[in-house]
Each structure stands twice: as structure tokens, then as C-alpha cells.
Amino acid sequence: MPARSCRHKVVPQFADVDTVMAHALTHRSATIGALVPNVKGAERAIAAGVDAIYFVISASETHNQANVRRTVDEQIEGFRAVRAAIDARPVGQRPQLMGAISTSFGCSLEGEVSEAAVCRVARAFAEARADEIGLADTVGYATPKLIGQIVAAVRREVGPQMTLRLHLHDTLGAGLANAVAGLEAGIRRFDAAVSGLGGCPFAPGARGNIVTEDLVFMLERMGLSTGIDLDRLMQTREILARHIPAKHLSGHLHEAGIPKVLRSAA
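Position numbers for residues start from 1 in each chain and track the written sequence from start to end. Per-residue local features are limited, in this predicted model, to residues with pLDDT of at least 70; the limit for side-chain atom pairs, both in listing and counting, is 80 or more; totals at the level of whole chains, interfaces and linings are taken over all residues. Just so you know, side-chain values use all the structure's heavy atoms and leave hydrogens and water out.

(A) Looking closely at the overall build of the protein. Secondary structure counts use DSSP, requiring at least four H or I residues in a row for a helix and at least two E residues in a row for a strand, with both numbered from the N terminus. The secondary structure content of the protein amounts to 12 helices and 6 strands. Whether a residue is buried, partly exposed or exposed follows from its accessible area with a 1.4 Å probe, protein chains only, as a fraction of its type maximum: under 20%, in between, or over 50%, in that order. Evaluated residue by residue, the protein yields a buried proportion of 45% over its 266 residues. Only the protein chains shown count as cover for residues, and the accessible areas themselves come from Shrake-Rupley with a 1.4 Å probe. With an accessible surface of roughly 13300 Å², the protein has 53% of that area assigned to carbon and sulfur atoms.

(B) Layout of the packing of aromatic side chains. Within 6.5 Å between ring centres, the rings of Phe, Tyr and Trp (the latter by its six-membered ring) count as paired, and their orientation is classed by plane angle as stacked under 30 degrees, edge-to-face over 60, tilted in between. Across all of its chains, the model carries 2 aromatic pairs by this definition. Measuring from centroid to centroid gives 5.7 Å for F55 and F79, while their planes differ by 65°, and the two rings are edge-to-face. Placement of the pair is F55 in strand β2 (residues 52–58) and F79 in helix α5 (residues 72–87), with a sequence separation of 24 residues. Across this residue pair, the class does not change: F55 and F79 are buried. Considering the side-chain rings of F79 and F125, the 4.6 Å spacing of their centres and the 65° angle between planes classify their relative orientation as edge-to-face. Note that F79 is positioned in helix α5 and F125 in helix α6 (residues 115–127), a separation of 46 residues in sequence. There is no split in this pair, since F79 and F125 are both buried. Aromatic ring contacts, followed pair by pair, group F55, F79 and F125 into a single cluster.

(C) Region of the structure containing the pattern of salt bridges. When a carboxyl oxygen of Asp or Glu lies within 4 Å of a side-chain nitrogen of Lys or Arg, that pair is called a salt bridge. Following the criterion strictly, the structure yields 10 salt bridges and no others. Between R80 and E77 there is a salt bridge, with its nearest N and O atoms 2.2 Å apart. One end of the pair is R80 and the other is E77, both in helix α5 and 3 residues apart, which spans about a single turn. According to the relative accessible area criterion, R80 is partly exposed, its value standing at 37%. One salt bridge connects R83 with D131, and the closest N-O pair in it is separated by 3.6 Å. Highlighted residues: R83 in helix α5 and D131 in the loop between α6 and β4 (132–136), separated in sequence by 48 residues. You can call R83 buried: its relative accessible area is 8%. Taken together, the salt bridges that share partners define one network made up of R83, D87, R129 and D131.

(D) Quick peek at helix α4 (residues 61–68). Listed in full, the buried residues belonging to α4 are H63, N64, N67 and V68. Buried positions in α4, seen along its axis, are confined to an arc of 100° and lie on one side of it. Trailing α4 by a residue or two, R69 shows a phi angle of about 60°, which is positive. Throughout, the arc means that of the directions going from the helix axis to the C-beta atoms.

(E) Seen up close, the packing of helix α8 (residues 175–184) against helix α9 (residues 212–221). Close contact between α8 and α9 brings their axes to 11 Å; oriented N to C, the two are set at 45°. Taken together, the axes of α8 and α9 are oblique relative to one another. For α8 against α9, the interelement crossing comes out right-handed. Across the interface between the two elements, L176, A179, V180 and L183 of α8 pack against D214, L215, M218 and L219 of α9. Among the residues forming the contact of α8 with α9, the class breakdown is 7 nonpolar, no polar and 1 charged. Lines fitted to C-alpha atoms define the axes here, with helix axes fitted over just the stretch in contact, and angles between the N-to-C directions of these axes take values from 0 to 180 degrees. Throughout this description, any angle smaller than 35 degrees is read as roughly parallel, any larger than 145 degrees as roughly antiparallel, any in the 65 to 115 degree range as roughly perpendicular, and the remainder as oblique. Take the far helix as your reference; a near helix turned counterclockwise from it by less than a right angle gives a left-handed crossing, and one turned clockwise gives a right-handed crossing. Residues are treated as being in contact if the distance between any of their heavy atoms lies within 4.5 Å. In this count, Pro and Cys sit with the nonpolar residues alongside Ala, Val, Leu, Ile, Met, Phe, Trp and Tyr, while Asp, Glu, Lys and Arg are called charged and the others, Gly among them, polar.

(F) Layout of helix α3 (residues 39–48). Listed as buried for α3 are G41, A42, A45 and I46. Down the axis of α3, the sector holding all buried residues measures 135°, keeping them to one side. Looking at the buried side of α3, the elements it contacts are β1 (33–36), β2 and α5. We call two N or O atoms a polar contact when they sit within 3.5 Å, provided that within protein one can donate a hydrogen and the other can accept it, with sequence-adjacent residues counted only if both atoms are side-chain atoms. Taking the backbone nitrogen of K40 as reference, a side-chain oxygen 3.4 Å away marks N38 as the first, capping residue of α3. Just downstream of α3 lies G49, where phi reads positive at about 95°.

(G) Region of the structure containing the packing of α6 against helix α7 (residues 144–158). Remark: α6 packs on α7, axes separated minimally by 9 Å, with the N-to-C direction vectors making an angle of 40°. Classed by the angle they form, the pair α6 and α7 counts as oblique. Crossing of α6 against α7: the hand is right-handed. Touching E115, V118, C119, A122, R123 and A126 of α6 are Q149, I150, A153, V154, R156, E157 and V158, all from α7. Broken down by class, the residue content of the contact of α6 with α7 amounts to 8 nonpolar, 1 polar and 4 charged.

(H) Expanded view of the pairing of strand β3 (residues 96–102). Along β3, 6 of the 7 residues are buried, which leaves the element largely enclosed by surrounding structure. The criterion for strand pairing is that DSSP finds at least two bridges linking the strands in question. One ladder, built from 7 bridges, connects β2 with β3; its direction is parallel. If you follow Y54 over to β3, its bridge partner there is M98. Where β3 and β4 come together, 4 bridges link them in parallel fashion. Paired with A100 across the strands is G134, a residue of β4. When the strands point away from the viewer, a crossover counts as right-handed if the route from the first strand across the helix to the second turns clockwise. In this fold, β3 hands off to α6, which returns the chain to β4; that crossover is right-handed.

Put into C-alpha cells, the structure is as follows:
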């Protein structure tokens, strides 16, 4: 729930964030989270009653400046302030706090991002008592090999108790392969978007997130239970299609249809 007063001027999609969040919070059977770029946005999200807050820091200094107009060190201090604000709330009113590391696998502005840079931010998140750490392939440059390397390095840095998540994009078509690599590295939480929506206006060349429908299909075919009704999930695309041009919607499962082999297994 970014601060509308300044962010909507840079990212017009944030102009109606208050309306979107108010509606989302009526669906209490779901976990409602807010992606925030700064302390002010986090404070508004906490006041709104969200279940989770995702605070972003880029491993790439250049991207962090472009994305939130702060240095990495300044953003780390902001995360600590958000932790303090959450801890000041009554126990039953404290949202989960996830530290998300953008450009964990490369940056379109800076090029390669070192393992040390990613681990530095991960360590800062862990020391500030993040409930979870997300590794984001913001521009979609990751490969399965790199996924394994970075996940293993971060795991060594923060220890076995910290929950890790992967946020994947499909810029170069390796999104689902990277998800499999994440599974092999022990990841069990993934970010995806219906019909592959998403992207980052401050990361030139970045395309949308991996497609939720395709990810769910793949995981179910691998024998993993997602708990998601694939038929109902597919219907959400029909809602999007009424408001978003088709050129912005992607997904192989939508084009092929749900195969009979999955229905037979079900």
C-alpha cells in the first residue's frame, strides 16, 4: 500500500490504491498483503489492517535509487523502523513482515549483482527480525543454476529457520524452470500473477511475473498439492480480460486449455 501522495505521480497505477485496498480487506478468508516502498506506506498499511507487509530493498544500489530514491543503507534503516512500528502494536494486530530483495539475480541497470550484495541485504533483514525473506528475480535474468546458488548462499547467511520465498519473472522464458530449481533448493513459497501481469517501471526490459495458472498446473502435475481450484483460477482471467487489453495477458494454459490428463488425475 504505497503512499499515494507521491508514488501515484511516478506510477499512475497507485492512484486508486486506497479503493483497491479497502475492497481487498473485505475478503477476510484470504491473506491480504501490501507491498510498501517506505515507512510512510507501511504505516498506512498497518493502520488499514493488512495481514502482511512486503518491504522492498534492492541488492542493486542503482535499482534501489531508481525504485525508492534511497540508498540501500537508508532503506535498511527504514525496514528497522517498520519492524519497530509493528512491534508497537498489540500482539493480535501485528502483520507479518517480509523483507523482499529485488534484483537478487541480476539488474538491467547494473548488470550482474554479486552474491555478497544479496547476502548483505538478507543478513540485514534477518538481524532486524523479518518474518520471511523473499528473493526477487525482478528483471527475469535468473537461470536454474543461479537460483540454486543464490538460495543456498542466502540460506547459509540467515540460517535454516528463516522462511524463504521466490518472486519470479518470465522475461527470458525461464520462469517455470526457475521455479523447479527453487523447489529443488527447498523453496515452498512462490509469487506469481494471474495471466502474467506485473513488471517494474524502474527496471527497463522487465516483463510480467510467472503465470499463476501455469505454475499451479505444473506443480499439480508434479504431484504437489497447491490447494488451488484451477478451474476457478482460470475464470479470473475472464474478469481481467474485461478491463485489460489482451496483449498484456499471457499464459500457456489459457491457450491450450486444462488437459484431460489433469482432470483424470483429479
